[in-house]
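Here's the letter readout for the chains.
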Amino acid sequence: QVQLVESGGGLVQAGGSLRLSCAASGSICRINAMAWYRQAPGKQRELVAAITSGGSTNYADSVKGRFTVSRDNAKNTVYLQMNSLKPEDTAVYYCNADIQVHRNSESTYWGPGTQVPVSS
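K.L.:
How do you make sense of the environment of Ser-53 when you look at a structure like this?
P.N.:
Within the secondary structure, Ser-53 is located in the loop between β5 (46–51) and β6 (57–59). With a relative accessible area of 30%, Ser-53 lands in the partly exposed category. Residues Ser-53 and Arg-30, 23 residues apart in the sequence, show an inter-C-alpha distance of 9.2 Å. Residues contacting Ser-53, with those up to four places away along its chain left out, are Arg-30, Ile-31, Asn-32, Arg-71 and Asn-73. One polar contact links Ser-53 to Arg-30, side chain to side chain, over a distance of 3.3 Å.

Put into structure tokens, the structure is as follows:
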């Protein structure tokens, strides 16, 4: 069974920084794309940043230049460095990964989420 667990969330002041981590564990053959999503109160879940197994990245326009996604394939871990945080970044942040448990079987997994409240 595969699990994703996020860590690093917490209250931060506007202008501050946080680094989120998400570690995948279990019976894993290969991890393909990994991503961070967020959901603010009363809003739909949205993609924040994604990274392929080869290291290619893409970002939501609202976080470009402030957030950086990276991964450590040896540790099955993806990171989100968040700088210059704004109150509008307040949300629950979710980790997402496309994981092959077997060679020809890929499924998408989600972490339980970590809260990031940004105070003004």
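K.L.:
In this structure, what is going on with the sheet that holds strand β8 (residues 77–82)? I would like to understand it.
P.N.:
Within a sheet, neighbouring strands are paired by backbone hydrogen bonds and run either parallel or antiparallel to one another. Spatially, the four strands line up as an open sheet ordered β1-β3-β8-β7, and their pairing is antiparallel. The outermost strands of the open sheet, each flanked by one partner alone, are β1 (3–7) and β7 (67–72). Here the strands of the sheet are splayed against their neighbours by 15° on average, with no regard to which way each runs. Inspection of the sheet shows β1 paired to strand β3 (residues 18–25) by five bridges, in the antiparallel sense. Following the sheet pairing, Leu-4 is matched in β3 by Ala-24.

Criteria and thresholds
Note that residues are indexed from 1 along each chain, following the sequence as it is written. Local features in a predicted model are, by the rule used here, given only for residues with pLDDT of at least 70; side-chain atom pairs are given and counted only at 80 or more, and totals for whole chains, interfaces and linings are based on all residues. Values reported for side chains reflect all heavy atoms of the structure, with hydrogen atoms and water molecules removed beforehand. Numbered from the N terminus, helices here are DSSP runs of H or I no shorter than four residues, and strands are runs of E no shorter than two. Burial status follows relative accessibility: with a 1.4 Å probe on protein chains alone, a residue under 20% of its type maximum counts as buried, one over 50% as exposed, and anything between as partly exposed. Throughout, a contact is declared for two residues whenever any of their heavy atoms are within 4.5 Å. Between N or O atoms, a polar contact is any pair within 3.5 Å; within protein, one atom must be a potential hydrogen donor and the other a potential acceptor, and residues adjacent in sequence are included only when both atoms are from side chains. Any two strands with at least two DSSP bridges between them are considered paired. Only the stretch in contact is used when fitting a helix axis, every axis being a line fitted to C-alpha atoms; angles between N-to-C directions are given from 0 to 180 degrees.

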